[in-house]
Amino acid sequence: MRLIAIEEHVLPHDVRDAWASAPPPHDPVSVIADGGVTGERLADLGEGRLALMDEQGVDVQVLSLTTPGLHNLEPVPAVESARRVNDLIADACARHPTRFQGFAALPTSDPDAAPRELERAVKELGLKGALLCGRTRDRHLDHIVLRAMLAKAAELGVPLFIHPQTPTPEVRASNYSGINEMADLALAAFGLGWHYEAGLEWVRLAAAGVFDELPTLQIILGHWGEVVLFYLERTSAVMGRALELEQSLNEYARRNLYVTGSGMWSEAYLRQCLDIVGPDRLLFSTDFPYQYRPGGEPRRFLETVDLDDTARRGLAFVNWERLTAPNSLG
């Protein structure tokens, strides 16, 4: 059975340089998370990555720029970096067409350039959509100036993956400080804060009426729905009373949302997401290289999780291929 993993990251050296030269605040997590062996694996788009894919039992990786993407860059360097990153990913896909696909990185600090780069990446480079890291500094994805980017994704029929990024310094200071330096950062980032950040972006899109305006727009959330999916019944009921939307959040989840596990091998979480979004909206991912562990765990999880054959094939590759088929509406 083919296995396509859709949240598999890269980090070119020139993006590190762009991050360092961007105006503050800088994301503090990369210094911890993206060094050493992990950094080497992020930069490798050749034989080393392919060997680890084989060891994991992964046939195809969908490559994407790791967090925080290009969201904290000024417009001019963001546009330049987006073109370089997308050309690099497209080149890797061309060199290994049976092993790599790609998500575009977008210059969201330039709202006019972002949809143009998405169109170039999809139509000229053959990338499958885009990975976004939520906010662009203080601007959320539902901001009106980013609506053209969302509309372009709907027009092209490609998904947008909302990936976590670290909360702003103000939020970290208010909600995630006071334990000790390392615990504060871990709690604000990969421990919890990342996931609230990403899940909130999807809820905001729904609350702002984006899915009413763009009913074919397809969003992907990792980590089994980024926390908010597990509270969806409550959130949907309360927001249904507060907002005039065409559908409930539960209905948007089954029409405008795909979910992937990001290397969290939890059958309990998978089954909860299965109940919420349905078997046709589950996707596979390993969150390479961050969740890499030797021993072939991705393939073993796929083969042993309690799913019928149709749902297992859907999780492994069918749902992704359906979502990214030409002229797909999700």
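Owing to the predicted nature of the structure, the values given are computational and were not obtained by experimental measurement.

What counts and what doesn't
Residues numbered from 1 in each chain as written. Predicted model: local features only at pLDDT ≥ 70, side-chain atom pairs only at ≥ 80, totals over all residues. Heavy atoms only, no water. Pairing = 2+ DSSP bridges. Helix = DSSP H or I, 4+ residues; strand = E, 2+ residues; numbered from the N terminus. Contact = heavy atoms within 4.5 Å. Axes fitted to C-alpha atoms, helices over the stretch in contact; angles between N-to-C directions. Phe/Tyr/Trp six-rings, centres within 6.5 Å; stacked < 30°, edge-to-face > 60°. Polar contact = N/O pair within 3.5 Å; in protein donor to acceptor, adjacent residues only side chain to side chain. Parallel < 35°, antiparallel > 145°, perpendicular 65-115°, else oblique. Buried < 20%, exposed > 50% of the residue type's maximum accessible area, 1.4 Å probe, protein only. Salt bridge = Lys/Arg side-chain N within 4 Å of Asp/Glu carboxyl O. UniProt positions renumbered as here; feature names shortened; annotations may be inferred.

Q: Would you mind showing me how to read the sheet that holds strand 7 (residues 257–260) here?
A: Backbone-to-backbone hydrogen bonds join strands into a sheet, with any given pair of strands oriented parallel or antiparallel. Spatially, five strands are ordered 4-5-6-7-8 in an open sheet, and the strand pairing comes out parallel. A single partner strand is all that each edge strand has here, and the edge strands are strand 4 (130–132) and strand 8 (282–283). Pairing geometry for strand 4 and strand 5 (residues 160–162), over three bridges, is parallel. Residue Leu131 lies in a different strand from strand 5, and its bridge partner there is Phe161. The strands that helix 10 (residues 193–207) touches are strand 5, strand 6 (219–221) and strand 7; relative to strand 6, the one it contacts most, it runs at about 150 degrees.

Q: Before we go on, may I ask you to explain the sheet that holds strand 1 (residues 4–10) in this structure?
A: If you trace the three strands from one edge of the open sheet to the other, you get 1-2-3, paired in parallel fashion. Either end of the sheet is taken by a strand with one partner, and the two such strands are strand 1 and strand 3 (100–102). Along the sheet, successive strands turn relative to each other by an average axial angle of 35 degrees, direction set aside. Pairing between strand 1 and strand 2 (residues 60–65): five bridges, direction parallel. Across the sheet, Val10 pairs through a bridge with Leu65, a residue of strand 2. Against the sheet, helix 5 (residues 75–95) touches strand 1, strand 2 and strand 3, its axis set at about 155 degrees to strand 3. Lying over the sheet, helix 17 (residues 309–323) contacts strand 1, strand 2 and strand 3, oriented at roughly 80 degrees with respect to strand 1.

Q: Honestly, the packing of aromatic side chains in this entry has me stumped. Any pointers?
A: The geometry of an aromatic ring pair is captured by two quantities: the separation of the ring centres and the angle between the planes. One pass over the full model with this rule turns up nine aromatic pairs. In this structure an aromatic cluster arises from ring pairing among Phe103, Phe161 and Trp320.

Q: Explanation requested: the side chain of Thr324 in the structure shown.
A: In this fold, Thr324 is placed in the segment after helix 17. A polar side-chain atom of Thr324 sits 2.8 Å from the main-chain carbonyl oxygen of Trp320.

Q: Would you take a moment to explain the packing of helix 13 (residues 232–242) against helix 14 (residues 249–256) for this structure?
A: Relative placement of two packed helices is described by the angle separating their axes and the distance separating the axes. Their axes nearest at 8 Å, the elements helix 13 and helix 14 cross at an angle of 120 degrees. One finds that helix 13 runs oblique with respect to helix 14. Contacts between helix 13 and helix 14 involve Leu232, Glu233, Thr235, Ser236 and Met239 on the former and, on the latter, Leu249, Asn250 and Ala253.

Q: Sorry, what's going on with the environment of Glu74 here?
A: By secondary structure assignment, the location of Glu74 is in the loop between strand 2 and helix 5. Take Glu74: its relative accessible area is 39%, and that puts it in the partly exposed class. Taking the C-alpha atoms as reference points, Glu74 and Phe100, 26 residues apart in sequence, are found 29 Å from one another.

Q: What is the right way to read the environment of Ile162 from this model?
A: With respect to the helices, strands and loops of the structure, Ile162 is situated in strand 5. If we ignore the near neighbours within four places in the chain, the residues touching Ile162 are Leu132, Gly134, Leu141, Ala198, Glu201, Trp202, Leu205, Ile219, Ile220, Leu221 and Gly222.

Q: For this particular structure, what's the right way to read the pairing of strand 2?
A: Across the six residues of strand 2, six count as buried, placing the element largely inside the fold. Burial of strand 2 is two-sided: the residues Val60, Val62 and Ser64 facing one way and the residues Gln61, Leu63 and Leu65 facing the other way are all buried. Here three bridges tie strand 2 to strand 3, and the two strands are oriented parallel to one another. When the sheet's bridge partners are listed, Val62 is paired in strand 3 with Gln101.

Q: What should I look at first to understand the pattern of salt bridges in this one?
A: Pairing is possible between side chains of opposite charge, provided their charged atoms come close. Inspection of the entire model under this criterion finds 15 salt bridges. Residue Arg120 pairs with Asp87 through a salt bridge whose shortest N-O separation is 3.1 Å. Within this pair, whereas Arg120 is found in helix 6 (residues 113–123), its partner Asp87 is found in helix 5, the two being separated by 33 residues in sequence. Given a relative accessible area of 34%, Asp87 falls into the partly exposed group.

Q: Would you take a moment to explain the UniProt feature "domain: Amidohydrolase-related" (unreviewed entry) in the chain for this structure?
A: Per the UniProt record, "domain: Amidohydrolase-related" (unreviewed entry) is found at residues 24–310. This span, residues 24–310, is 51% helix and 8% strand, and a straight line between its end C-alpha atoms measures 48 Å.

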